[in-house]
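# Topology and contacts: notes
The lines below spell out each chain.
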Amino acid sequence: MQQRVLHTAKSACPHDCPSACALEVRVLPGDRIGRITGASDNRYTQGVVCAKVARYSERVEHPERLLYPLRRTGPKGSGQFERVTWEAALGEIAERFGTIAQRSGSEAIWPYHSGGNMGVLQRYGLDRLRNPMRYSRQHTTICVTPAESGWLAGVGKLVGPDPCEMEAADLIVIWGGNPVSTQVNVMTHVARARKTRASKLVVVDVYRTPTVEQADIALIINPGSDAALALAIMNVLLTEELVDRTYLARYTDFDAETERHILSRTPQWAAAITGLAAKDIIAFARLYGQTRKSFIRVGFGFTRTRNGACAMHAVSCLPALTGAWTERGGGAFFLSFDKNQWGLDTSLINASDAVDPGVRLLDQSRIGAVLCGEAEALGRGPPVEAMLMQNANSATVAPSTAKVLKGLARDDLFLVVQEQFLTPTARHADIVLPATMFVEHDDIYYGLGHTHLTFGPKLVEPRGEARPNSYTVRALQRLLGVDHPSVGMSDLELLDHALARAGLGRFAAAAQVGWIDRALSFKAAHFLTGFPQADGKFHFKPDWSKVGPAHAEMPRVADWSPAYERAGPSHPYKLVCPPARHFLNSTFSETPTSRAKELAPCVRIHPEAARREGVEEGVRVRIGNARGSVVVPAKLDAGQQEMTLIVEGIWPAEAFLERRAINTLIGDDAVPPNGGAPFHDTAVWLERMRELA
Ligand code: SF4
């Protein structure tokens, strides 16, 4: 039946996806939303969004949505709650936070946010409470830190050529990402390049993803071996003089030592590490070296390993060797996440003027270790006794799940969770606060995978008593007596302040348009006036000490690092847990259409490995290591190297036979040099479940 549309409004996707799509939302009678499409007049989004956001009304109207504040009545994790008023919930939070801070010091309280909502205000605004109250700070590492570290090491800032330039490339390399499933707009620009220029698409990954299926050339490598492949490509470029020596001399720190080092990293050396044939490495290196307009779109996936920062750095060296950075449609792009590019003044939203560097910094990825009282994770400070979590489902998403669950279940932890659904994390809370969805509040979003600031205004009234995260922060600021200029400011006043100070107008006007394009000039984006390093050069020999504290183990010159979780006789397989197409982290795992499309978790096993282990299609297998084990059905698939196992999607624990989620197997040690979670770097054993087969 045709729905009557009152009007179509501009909006922006709030989810943890670098596409950060500019949206058009149909607003229907009765304060409801209809179908969502991509903004057709945004030059990056070009009318395209993923299916899960197109049907977003399913989430807004979901019958299991949290609509009222709740107070726990049963044991932690039991899901037993009673309804309370906002006033009672906030009063109790303020009283408990006050008592704990007085008794144990303010650092015993740890406000925690993650990427469930990427809004400038609704995500990062939690710091408006944290900083003035001197609560423990958060080292935000869980998603991109290893990738950021590697990019910063060579390039110097999280900027690069406009990704829309892919349309002008003759060769597009998608390295370590699966945009068909997770960043659909990239494929719009790839498709245009292929149609108008007959461009070639090469995909480097560890298994046959939907993006790999669209490639002209696919390089399926062993997990953790990306830097070895990049070094071998560099070796061929140098050996066959496919490099731009004028560019190298002018724009980089390339020297004789670097050249000698790269010449030692042969395709034969890399073949043994990557699992590729040396001839395939050489063939791709020649194609890359002979195509001046070559654009590398680097993903995040390949960096979520203990050697991931080295991998990102090594890949970013490729266009510096060929000089492809100088071309429209050339170079590489990772992320737009530089405050000068975006320009927003978020000092009031984040109360960044109130940051006390003396307050301890706790690693977001290490929440399990923090809550279990590991001294190093606690910065040798007091235990965490209270948390306010927003946009975070750590019980499913964070590494080392068993540790996280043990920590969340502590009776002496006062846990407040503001959420849209009763997630496994929220089930452990003492107080649950219902959160609005993006069409029910105002916010601004960074483009990340492109160059637009996008705007998401409030379009409909919140369901039930759901309220924005910012409401909670504002109320607690008042109840706890915070002294800061942001106290009492409305959401619109805070957003207007951030824009006005940057000369970007006002929120209401920008929201009418939907976005502000903050693209850098061609010269700046391609580093033609120098790279954003102190010496203006791209660094083959980075100063890792400027990137992160754990720099002692980083290689002096671009290199592959063997310092990752190695497969061995007792743990012969490498497990990789990439995103599923219809989920986004653990979000959308509650929506019926996403669940129906993903069906159930499974482990992809190479047929040769399956034969050796006596495993047939559909048989349940147990995969495990010292951190625990998970039972999951087998799916035979020759789309990866023989010793690689793939489990897609962050499924809730109840989707697995023994109710243990996949991140049970992931380590929570910090990736050098600056932290991050090694989600794709796990050595495991595998055995057939004979009793259940
Ligand atoms: S592709 Fe990503 S940014 Fe775009 S609508 Fe889907 S989840 Fe949101």
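The preceding data block contains the structure.
Heads up: these notes are all about the structure in this document. (Residues numbered from 1 in each chain as written. Predicted model: local features only at pLDDT ≥ 70, side-chain atom pairs only at ≥ 80, totals over all residues. Heavy atoms only, no water.)

We now examine the sheet that holds strand E2 (residues 22-28). Strand order in the open sheet formed by three strands is E1-E2-E3, with antiparallel pairing between adjacent strands. A single partner strand is all that each edge strand has here, and the edge strands are strand E1 (7-12) and strand E3 (32-38). Geometrically, the sheet is characterised by an average inter-axis angle of 30 degrees between neighbouring strands, direction not taken into account. Where E1 lies against E2, six bridges are found, and the strand directions are antiparallel. (Pairing = 2+ DSSP bridges. Helix = DSSP H or I, 4+ residues; strand = E, 2+ residues; numbered from the N terminus. Axes fitted to C-alpha atoms, helices over the stretch in contact; angles between N-to-C directions.)

A separate point is the sheet that holds strand E17 (residues 443-445). Pairing between sheet strands relies on hydrogen bonds along the backbone, with the strands arranged either parallel or antiparallel. Spatially, the three strands line up as an open sheet ordered E17-E18-E19, and their pairing is antiparallel. Unpaired on one side and paired on the other, E17 and strand E19 (515-517) mark the two borders of the sheet. Sheet twist, expressed as the average angle between the axes of neighbouring strands with direction ignored, equals 15 degrees. Pairing of strand E18 (residues 452-456) with E19 involves three bridges; the strand directions are antiparallel. Bridge pairing links Thr454 to Trp515 in E19.

On inspection of all chains with the given rule, the structure shows 51 salt bridges. The residue Arg556 makes a salt bridge to Glu257 at a minimum N-O spacing of 2.5 Å. Of this pair, Arg556 sits in the loop between helix H22 (522-525) and strand E20 (573-576) while Glu257 sits in helix H10 (residues 256-263); the two residues are 299 residues apart in sequence, bridging distant segments of the chain. A relative accessible area of 28% places Glu257 in the partly exposed class. (Salt bridge = Lys/Arg side-chain N within 4 Å of Asp/Glu carboxyl O. Buried < 20%, exposed > 50% of the residue type's maximum accessible area, 1.4 Å probe, protein only.)

Surveying the vicinity of the ligand reveals the residues Cys13, Cys17, Ser19, Ala20, Cys21, Val49, Cys50, Val53, Val184 and Leu584. Here the residues of the shell around the ligand are counted per class, giving nine nonpolar, one polar and no charged. (Near = heavy atom within 4 Å. Nonpolar A, V, L, I, M, F, W, Y, C, P; charged D, E, K, R; others polar.)

Among all positions of helix H11 (residues 267-274), only Pro267, Ala270, Ala271, Ile273 and Thr274 are buried. Its buried side turned inward, H11 meets strand E10 (217-220), helix H8 (226-239) and helix H12 (278-290). After H11 finishes, the residue Gly275 shows a positive phi value of roughly 85 degrees. (Contact = heavy atoms within 4.5 Å.)

Another aspect to go through is the packing of aromatic side chains. Counted according to the given criterion, the structure contains 24 aromatic pairs. With 4.6 Å between their ring centres and 25 degrees between their planes, Tyr247 and Tyr251 make a pair best called stacked. Of this pair, Tyr247 and Tyr251 both sit in helix H9 (residues 245-251), four residues apart, which is roughly one turn of that helix. Each member of the pair, Tyr247 as well as Tyr251, is classed as buried. Ring centres 5.4 Å apart and planes at 70 degrees place the aromatic pair Phe254 and Phe540 in the edge-to-face group. On the criterion of sequence distance, the pair formed by Phe254 in the loop between H9 and H10 and Phe540 in the loop between H22 and E20 is long-range, its members being 286 residues apart. In this structure, Phe254 and Phe540 share a single accessibility class: buried. Among the aromatic residues, ring-to-ring pairing joins Trp151, Phe254, Phe300, Trp325, Phe334, Phe527, Phe531, Phe538 and Phe540 into one connected group. A cation over an aromatic ring shows up here: Arg59 above the ring of Phe588, its NZ or CZ 5.4 Å from the ring centre. Across from the ring centre of Tyr68, 3.5 Å away, lies the NZ or CZ of Arg83, which sits over that ring. (Phe/Tyr/Trp six-rings, centres within 6.5 Å; stacked < 30°, edge-to-face > 60°. Lys NZ or Arg CZ within 6 Å of the ring centre and 35° of its normal.)

All right, on to the nonpolar core then. In terms of nonpolar packing, the biggest core is built from 89 residues, with Trp175 and Phe334 touching the most fellow members. Residue contributions to this core peak at 11 residues, all from H8. Apart from the residues within four sequence positions on either side, Phe334 is in contact with Val144, Ala147, Glu148, Trp151, Leu158, Arg297, Val298, Gly299, Phe300 and Met312. If you look at the next biggest cluster of nonpolar residues, it comprises 55 residues, including Leu66, Ala369, Ala392 and Cys577. (Core = buried A, V, L, I, M, F, W, Y, C linked by side-chain atoms within 4.5 Å.)

A word on the side chain of Asp226. Mapped onto the elements, Asp226 comes out in helix H8. The side chain of Asp226 sits in the buried core without any salt bridge; Lys574 is the nearest counter-charge, 9.6 Å away. If we ignore the near neighbours within four places in the chain, the residues touching Asp226 are Trp175, Val204, Ile221, Phe302 and Ala311. (Lys, Arg positive; Asp, Glu negative; His and termini not counted.)

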